[in-house]
Amino acid sequence: RSILRIPEWGQALDVTLFEETLRGFEDIRIFEHSGRWYGIGCKPEVELVNTAPTFVGSSMHLIAFQQNFRVGATVELPSPNRSRWEKNWVPFQKKEGLHLVYRPSPLMVFSLDFERNRITPAFQGQRAVADWSGASEKVWAGVSKIAWSGSSQIVPFDGESYLGVIHRKFEYSNEIVFEHAFVRINAAFEMEISQAFHFLTFGEEFCAGLVVRPEDVVLSFGSHSDSRSYIAALGRDDVAALFGPPR
């Protein structure tokens, strides 16, 4: 099993402390657990190769925020496959406790046990029981063969279901394209994928934040090659309608 030691308030043992900004991390998904704010973020590893900075790996970290929401400390999350390349883990806020989605396609979920300080497998190996993203094949031939990756947090939605955003990345006409979809997961870890969509462009976009409110779903995302940030809101009924064939 993999051991995870989570810092207490103000504790600085075997962690990295930050004063004002969180340098070196990207795609941080912020969430609340037991009255405290945390984040799950990716930390790229860079080495100089022939005097040029080169990416040689990346790791996922649990980030603990202080009560004033300044960054307090980070703990590296161990790779279940002992891989040097890890990215796009997302928090899954199940009612039974905090989980992490390691990958959505096929679905692989770990539990993050704060009391026992460890990560343990919770579910793995199942593909979507319903997938409404196939219409993209009419525009992007072969896109259905590309695996989905995690984007936003996965949070309670309706009844016993949970909602999040996933993405897949591919190249078309020498341009990088990001395509997105909602994912809905029930208490038995059965997963549905919605119709696919883009936010503003066919280029590089990334959704790292999702909040469900009584009347709508709010998404935060970057667009235009991550040079601009936006917030979008969709009605809950509009989101639910995407889990079905195009009208």
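Residues numbered from 1 in each chain as written. Predicted model: local features only at pLDDT ≥ 70, side-chain atom pairs only at ≥ 80, totals over all residues. Heavy atoms only, no water.

Here's the deal with the pattern of salt bridges
Logical step 1: Following the criterion strictly, the structure yields 11 salt bridges and no others.
Logical step 2: The closest approach of N and O atoms between lysine 94 and glutamate 96, which form a salt bridge, is 3.2 Å.
Logical step 3: With its nearest N and O atoms 2.4 Å apart, the salt bridge here joins aspartate 158 to arginine 236. Here the residue aspartate 158 occupies a position in the loop between β12 (155-156) and β13 (162-172), and arginine 236 occupies one in helix α1 (residues 236-241), the gap between them amounting to 78 residues.
Logical step 4: Since its relative accessible area comes to 39%, aspartate 158 is described here as partly exposed.
Logical step 5: A relative accessible area of 17% means that arginine 236 is categorised as buried. (Salt bridge = Lys/Arg side-chain N within 4 Å of Asp/Glu carboxyl O. Helix = DSSP H or I, 4+ residues; strand = E, 2+ residues; numbered from the N terminus. Buried < 20%, exposed > 50% of the residue type's maximum accessible area, 1.4 Å probe, protein only.)

Regarding a nonpolar patch on the surface
Logical step 1: Nonpolar side chains collect at one region of the surface, where Ile30, Trp37 and Phe69 lie side by side and expose about 260 Å² of accessible area between them.
Logical step 2: Position of phenylalanine 69 among the secondary structure elements: in the loop between β4 (52-65) and β5 (71-77).
Logical step 3: The exposure class assigned to phenylalanine 69 is partly exposed, which follows from its relative accessible area of 37%. (Patch = residues over 30% accessible without salt bridge, like charges linked within 9 Å, V, L, I, M, F, W, Y side chains within 5 Å. Areas by Shrake-Rupley, 256 points an atom, 1.4 Å probe, with all protein chains shown as cover.)

Quick notes on the side chain of serine 223
Logical step 1: With respect to the helices, strands and loops of the structure, serine 223 is situated in strand β17 (residues 216-223).
Logical step 2: Engagement of the side chain of serine 223 in a polar contact is seen with the side chain of histidine 224, the distance being 3.3 Å.
Logical step 3: Those residues in contact with serine 223 that sit more than four places away from it in its chain are Leu200, Thr201, Glu204, Glu205, Arg228 and Tyr230. (Polar contact = N/O pair within 3.5 Å; in protein donor to acceptor, adjacent residues only side chain to side chain. Contact = heavy atoms within 4.5 Å.)

Details of the sheet that holds strand β2 (residues 26-33)
Logical step 1: Pairing is antiparallel in the open sheet, where four strands are placed in the order β2-β3-β4-β5. A single partner strand is all that each edge strand has here, and the edge strands are β2 and β5. Within this sheet the neighbouring strands show an average axis-to-axis angle of 35 degrees, counted without direction.
Logical step 2: Note: β4 against β5, six bridges, orientation antiparallel. Directly across from leucine 62, in β5, lies its bridge partner valine 75. (Pairing = 2+ DSSP bridges. Axes fitted to C-alpha atoms, helices over the stretch in contact; angles between N-to-C directions.)

So, the confidence of the model for the protein
Any segment with low pLDDT has predicted coordinates that should not be analysed in fine detail.
Logical step 1: Chain-level pLDDT for the protein is 85 on average; 91% of the residues reach the 70-or-more range.
Logical step 2: The lowest-confidence element of the protein is strand β1 (residues 2-3), averaging 32 in pLDDT; the highest-confidence one is strand β15 (residues 191-197), averaging 96.
Logical step 3: Throughout residues 1-22 the model reports pLDDT below 50, and contacts reaching past four residues in sequence, or to other chains, amount to 56 contacts. (pLDDT = per-residue confidence, 0-100.)

Description of unusual backbone geometry
Logical step 1: In the segment running from serine 105 into proline 106, the intervening peptide bond is cis, with an omega of -5 degrees.
Logical step 2: Looking at the secondary structure, you find proline 106 in the loop between β7 (97-104) and β8 (107-113).
Logical step 3: Non-glycine residue serine 34 carries a positive phi angle of around 55 degrees.
Logical step 4: The topology assignment puts serine 34 in the loop between β2 and β3 (36-49).

Here's the deal with the packing of aromatic side chains
Logical step 1: A full pass over the atoms with the stated rule returns 13 aromatic pairs.
Logical step 2: Arranged with centres 5.8 Å apart and planes meeting at 20 degrees, the rings of phenylalanine 31 and tyrosine 38 form a pair that is stacked. Across this residue pair, the class does not change: phenylalanine 31 and tyrosine 38 are buried.
Logical step 3: Considering the side-chain rings of phenylalanine 221 and tyrosine 230, the 5.4 Å spacing of their centres and the 15 degrees angle between planes classify their relative orientation as stacked.
Logical step 4: Taking the relative accessible area as the measure of exposure, phenylalanine 221 reaches 7% and is therefore buried.
Logical step 5: The class of tyrosine 230 is partly exposed, set by a relative accessible area of 28%.
Logical step 6: Sitting over the ring of phenylalanine 189, lysine 94 keeps its end group 4.9 Å from the ring centre.
Logical step 7: A cation over a ring is seen here: arginine 184 above phenylalanine 243, with NZ or CZ 4.1 Å from the ring centre. (Phe/Tyr/Trp six-rings, centres within 6.5 Å; stacked < 30°, edge-to-face > 60°. Lys NZ or Arg CZ within 6 Å of the ring centre and 35° of its normal.)

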